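Residues per chain, in single letters:
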Amino acid sequence: QNAVIKDLKAVESLGAVSVICSDKTGTLTQNRMQVQKAWVAGEELEAADMTAADPAQTLLGEMGLLASDATMSEEGAVGDPTEIALVQLGRGMGMNEHALRSECPRLGELAFDSDRKLMSTLHDIDGTPTLFTKGAIDVLLDRSKWLLTREGRVELTPERKETIARVNMELSM
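Residues numbered from 1 in each chain as written. Predicted model: local features only at pLDDT ≥ 70, side-chain atom pairs only at ≥ 80, totals over all residues. Heavy atoms only, no water.

Engineer: Is there a simple way to think about the overall build of the chain in this case?
Structural biologist: Broken down by element type, the chain carries seven helices and nine strands. Expressed as a percentage of the 173 residues in the chain, the buried residues total 25%. Contacts in the chain between residues far apart in sequence, at least 24 positions, make up 36% of those at least 6 positions apart. Carbon and sulfur atoms provide 53% of the accessible area of the chain, an area that totals close to 12100 Å². A distance of 4 Å separates the average location of the 18 positive side-chain charges in the chain from that of its 28 negative side-chain charges. (Helix = DSSP H or I, 4+ residues; strand = E, 2+ residues; numbered from the N terminus. Buried < 20%, exposed > 50% of the residue type's maximum accessible area, 1.4 Å probe, protein only. Contact = heavy atoms within 4.5 Å. Areas by Shrake-Rupley, 256 points an atom, 1.4 Å probe, with all protein chains shown as cover. Lys, Arg positive; Asp, Glu negative; His and termini not counted. Charge placed at Lys NZ, Arg CZ, Asp CG, Glu CD.)

As structure tokens, this is what we get:
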């Protein structure tokens, strides 16, 4: 049936399968992802409504562009599908990854690691070394002590962590 099998034991299991269900959002069929919603400063937003006029949304867009290696051109996008989605979000907000990366050069990187479940990039932001990290929400929450809000930096209390985890679960569905 023209199936490619990575593990020989899977052939046995496949013989007993009568129905196969797959994701039809485009991730599997087109290897393409897209940001639909974001939770910024305690507010759920449609990606299409995000704007660089809002400082919190701008920071999220810039971090997404700087903490990724994906690029877009007239020929198309190149990079990891998740990172391409972050670049598209920034582009939708009027940002350009090439210009921003020139303005805030990368000084170092800790590549994504499946054990660490994180990727970190170090940038020069107006003369200040600044680290951006993206990855698994549970790992990020375990390592974080502070939360940046519209009111400034606040302690990331267990209640706030619970709220973030709940919102993440809701947006994942």
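Now that the structure has been shown, we can carry on.
Engineer: It is not clear to me how the sheet that holds strand S5 (residues 106-113) should be interpreted in this structure. Could you clarify?
Structural biologist: Adjacent strands of a sheet pair through backbone hydrogen bonds, lying either parallel or antiparallel. The strand order across the open sheet formed by three strands is S5-S6-S7, and the pairing between neighbours is antiparallel. Strand pairing shows two members of the sheet lacking a second neighbour, S5 and strand S7 (128-135), which therefore form its edges. Across the sheet, the mean angle separating the axes of adjacent strands is 15° when strand polarity is ignored. As judged from the eight bridges shared by strand S6 (residues 118-125) and S7, these two strands associate in the antiparallel manner. When the bridges of S7 are listed, Met119 appears paired with Lys134. Taken strand by strand, helix H3 (residues 55-66) contacts S5, S6 and S7, and its axis lies near 110° from that of S6. (Pairing = 2+ DSSP bridges. Axes fitted to C-alpha atoms, helices over the stretch in contact; angles between N-to-C directions.)

Engineer: Which parts of the structure should I look at to understand the confidence of the model for the chain?
Structural biologist: Mean pLDDT over the chain works out to 88, with 91% of the residues at or above the 70 mark. When pLDDT is averaged over each element of the chain, S6 comes out on top at 95 and helix H2 (residues 27-30) at the bottom at 55. (pLDDT = per-residue confidence, 0-100.)

Engineer: Even after reading the chapter, I still don't get the pairing of strand S2 (residues 43-46), so can you show me in this structure?
Structural biologist: When a strand is regular, its side chains alternate between the sheet's two faces. In the sheet, strand S1 (residues 37-40) pairs with S2 via four bridges, with the strands oriented antiparallel. By the bridge assignment for S2, Val40 is matched with Glu43. What sits between the antiparallel neighbours S1 and S2 is a turn of two residues, in which Ala41 has the positive phi angle 50°.

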